[in-house]
Amino acid sequence: MNNITKQGLIEFENEIIKLYKDCKLPFLFHLSGGNEDKLIEIFKDIKEGDYVISNHRNHYHALLAGIPPEELKQKIIDGRSMFIYDRKRNFFTSAIIGGTPAIAAGIALALKRKGSSQKVWCFVGDGTEDSGHLFEAARYVSGFDLPCQFIIEDNNRSVCTSKTERWGNSTFPIMPSCVMRYQYDIVYPHARIDESIDLKKTKQKTDSEYFPHLIPETFPNFKIDPNILFKNAVTEAMTEIGKTNSVFIGYNVKHGNAMGNLINVENSKKIETPVAENLMAGLAIGMSFEGFKPVVYYERHDFMLVAADAIINHANHIERISHGEYECPVIFRTVVADSGPFYSGPTHSQNFTNGFKNMVSFPIYVPDTGAEVLEAYKKALYSKRPSMIVERKSKF
């Protein structure tokens, strides 16, 4: 950890303000201020190797986690103020504020399974505490006694709005003991400072210059039985993946073996998380950071919209916005209920494949044959990136 002082923190943000006034920062950034003493005290308990999960207002966290000031400043100049990552120091950020708690829980679950002494520290604002995502993750961490501490940085402001204006009162929600809170008065606006700059004097880059697009992966030729039946191919693929450092997260993965296809997979690899769609995706993302190969099982496309934040804003972008520092090799096994003995109704039989294809850049496979099933899952297994496989019940 960095031994930076309170004055050092304040001076760093003053340097960022100067860069902004000099027209060097033509993009969104969020300044820290007013919480120096509280953070310095908290970081005394954070050990080298622990994960620090931050948010859009991350400069103080990054400095206290050990990122050198000049290195952090260069990242900010390069347009990455909201996207500060450091794999070597286990520093992770998301500017989508409700997305991090489930990822933090997933990292902590992976650490516990590995018997690690590391811990996860997840910093969120008091606006995030009002989302169900934090409560869902905190309950999971508390129930399974995972090495994770959530810290609510309470400045009584969500963008520009107080608790009372948002909710009618300023009372605190009741949270498990894995959630702590400190209060402070922030000294800066939500974004930048009140003073404007002449954007004509700035030099703006393109999106792909700030965040270069990923180079497509290539795969070897796989030896596959061309005559294998669709359902048998799914079972064979799950069995093969089950022999790796994998976990299977989702609905009925243990009790129903995911339509029977996990029959050959050890129960210890199956994590039941029904009716927690965003949590299961976040758990998978976090576990993938620690070397696991998660398979997230959604038995209906309809339910996946609850997990859209984790899938679209996080899994899809993590490698690119972290400039390759973090990879997210998660497999999303999804099912479209386009057939079956019982009618499911309009909200249990929708097919969102085309929608997801328009929203994510990672591969989405829609196999028609057993051979195509095996090819899709083999590519997903070998990939270092997310993949989605769409299985239609009519093919079973």
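Refer to the structure above for everything that follows.
All values derive from a computational prediction rather than experimental measurement.

> Could you give an account of the overall build of the chain, naming the residues involved and the relevant values?
When you go through the chain residue by residue, the secondary structure sums to 15 helices and 11 strands. Relative to the 2.2 N^0.38 estimate, which gives 21 Å for 396 residues, the radius of gyration of the chain is 22 Å and therefore close to what a compact globule would have. When its C-alpha atoms are laid out on the principal axes, the chain stretches across 70 × 45 × 40 Å. The buried share of the chain, taken over its 396 residues, is 55%.

> Break down the nonpolar core for me, citing the residues and quoting the values.
Phe 150, Tyr 298, Ile 311 and Phe 332 are the most contacted members of the largest nonpolar core, which has 105 residues in total. Of the residues forming this core, the biggest block, 9 residues, is contributed by helix α5 (residues 100–114). Excluding residues within four positions of it along the chain, Phe 332 makes contact with Ala 281, Val 296, Tyr 298, Ile 311, Ala 315, Phe 362, Pro 386, Ser 387, Met 388 and Ile 389. If you look at the next biggest cluster of nonpolar residues, it comprises 24 residues, including Phe 230, Val 335, Leu 381 and Ile 389.

> So what's going on with unusual backbone geometry? Residues and values would help.
In this model, Asn 90 sits at a positive phi of 55°, which is unusual for a non-glycine residue. With a relative accessible area of 9%, Asn 90 lands in the buried category. Its identity as a non-glycine residue notwithstanding, Asn 257 has a phi of 55°, on the positive side. When you line up the elements, Asn 257 lands in helix α10 (residues 257–260).

> Hey, could you go over the sheet that holds strand β6 (residues 246–250) for me, with residue numbers and the actual values?
Here we have 6 strands laid out as an open sheet, ordered β7-β6-β8-β9-β11-β10, and parallel in their pairing. Edge positions in the open sheet fall to β7 (270–272) and β10 (364–365), since each of these has one partner strand only. As judged from the 5 bridges shared by β6 and strand β8 (residues 293–298), these two strands associate in the parallel manner. Bridge pairing in β8 places Val 247 opposite Pro 294. Each of β6, β8, β9 (331–336) and β11 (387–392) touches helix α9 (residues 230–242); the most contacted strand, β6, lies at about 125° to it. Those strands touched by helix α15 (residues 370–382) are β8, β9, β10 and β11, and its axis lies near 160° from that of β11.

What counts, and at which threshold
Residues numbered from 1 in each chain as written. Predicted model: local features only at pLDDT ≥ 70, side-chain atom pairs only at ≥ 80, totals over all residues. Heavy atoms only, no water. Helix = DSSP H or I, 4+ residues; strand = E, 2+ residues; numbered from the N terminus. Rg over C-alpha atoms; globule rule 2.2 N^0.38 Å. Buried < 20%, exposed > 50% of the residue type's maximum accessible area, 1.4 Å probe, protein only. Core = buried A, V, L, I, M, F, W, Y, C linked by side-chain atoms within 4.5 Å. Contact = heavy atoms within 4.5 Å. Pairing = 2+ DSSP bridges. Axes fitted to C-alpha atoms, helices over the stretch in contact; angles between N-to-C directions.

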